[in-house]
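A closer look at the structure
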Amino acid sequence: MYAWNDFDFLSLKDDGKVSRAMMLPAGDYDLFVVVKDQSNGDNKQMPKSGMLRRKLSVPDFSKTELMTSSVLLGGIDELPSALPANQQRENPYTFGPMKVTPTVNSKFAKTSELALIFWIYGAGTDAISRRPNLTVDYSFYQKNADGTEKYFNKTAPQMLNGQTFPPEFSLAVGHLVTGSLSIPLASFETGDYRLEIKVTDKVSSKSITENVSFNVGA
């Protein structure tokens, strides 16, 4: 059986960028992207084509263990409303009225902000509030030229619990736990950094750590 049987043929834009959503069950996949020149009508001339192959691993977020999605770095904007279904596939990084524009090279100017977003799965539920009780710590480390690194700074912990979730939040109806951060980079020296994201579940006493590398330019 094919994991995906809704094929989408499209023409490339002038910037050569293509974004599409794919819905896949958990597992490991081979992803094939084929690009071909449009036919000029000459049956004797075969249009040029190329193929890109990548390994793709889709985690199983239905497990009860504490997990996070990939961390998306880039710009985060609010849209007037959620996109209609026929536009959602072309904008895979749009979640309801929120649009994320991921950075390709994880490079940011000192005059910009570092913005990120990710989702947390498998969190325990507090017996009183019936909601998760999580703490997210963001710690920054500056990378040295010799391969070592030094502690730079950290933000105040992000609290995700019964007091900070909106009143309508409910895991039972499919709401997701979202971690996010937006911080100005004016105080950062130019260079390479590692951001350590530690998620602690106060219900289960478990924790998970994710690391993100980025660069601050002049």
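Below or above, wherever it landed, is the structure these notes cover. (Residues numbered from 1 in each chain as written. Predicted model: local features only at pLDDT ≥ 70, side-chain atom pairs only at ≥ 80, totals over all residues. Heavy atoms only, no water.)

Some thoughts on the overall build of the chain
Secondary structure assignment for the chain yields one helix and 14 strands. Each principal axis of the C-alpha distribution contributes one length, and for the chain these read about 70 × 45 × 35 Å. Here the chain, with 218 residues, has 27% of them falling under the buried criterion. When contacts within the chain are restricted to residue pairs at least 6 apart in sequence, long-range pairs at least 24 apart make up 63% of them. Split by element, the accessible area of the chain, about 14,700 Å² in all, is 52% carbon and sulfur. Treating the 23 positive side-chain charges of the chain as one cloud and the 24 negative ones as another, the clouds have centres 3 Å apart. (Helix = DSSP H or I, 4+ residues; strand = E, 2+ residues; numbered from the N terminus. Buried < 20%, exposed > 50% of the residue type's maximum accessible area, 1.4 Å probe, protein only. Contact = heavy atoms within 4.5 Å. Areas by Shrake-Rupley, 256 points an atom, 1.4 Å probe, with all protein chains shown as cover. Lys, Arg positive; Asp, Glu negative; His and termini not counted. Charge placed at Lys NZ, Arg CZ, Asp CG, Glu CD.)

Structural notes on the pairing of strand 4 (residues 72–78)
Pairing analysis gives two bridges linking strand 4 to strand 8 (residues 113–121), with the strands arranged antiparallel. If you follow Leu 73 over to strand 8, its bridge partner there is Leu 116. Direction of pairing for strand 4 relative to strand 6 (residues 98–102): antiparallel, over a ladder of five bridges. The residue bridging Gly 75 from the neighbouring strand is Thr 101, located in strand 6. (Pairing = 2+ DSSP bridges.)

Thoughts on the pattern of salt bridges
For the structure shown, the criterion picks out four salt bridges. Among the salt bridges present, the one from Arg 53 reaches Asp 30, with a minimum N-O distance of 3.2 Å. In this pair, Arg 53 sits in strand 2 (residues 49–58) while Asp 30 sits in strand 1 (residues 27–36), placing the two residues 23 residues apart along the sequence. Given the relative accessible area of 45%, Arg 53 is considered partly exposed. (Salt bridge = Lys/Arg side-chain N within 4 Å of Asp/Glu carboxyl O.)

Thoughts on the nonpolar core
Formed by 28 residues in total, the largest nonpolar core has its most connected members in Leu 114, Ile 120, Leu 195, Ile 197, Val 199 and Phe 214. Of all elements in the fold, only strand 8, strand 9 (134–143), strand 12 (177–184), strand 13 (191–201) and strand 14 (206–217) reach the threshold of two or more residues within this core. (Core = buried A, V, L, I, M, F, W, Y, C linked by side-chain atoms within 4.5 Å.)

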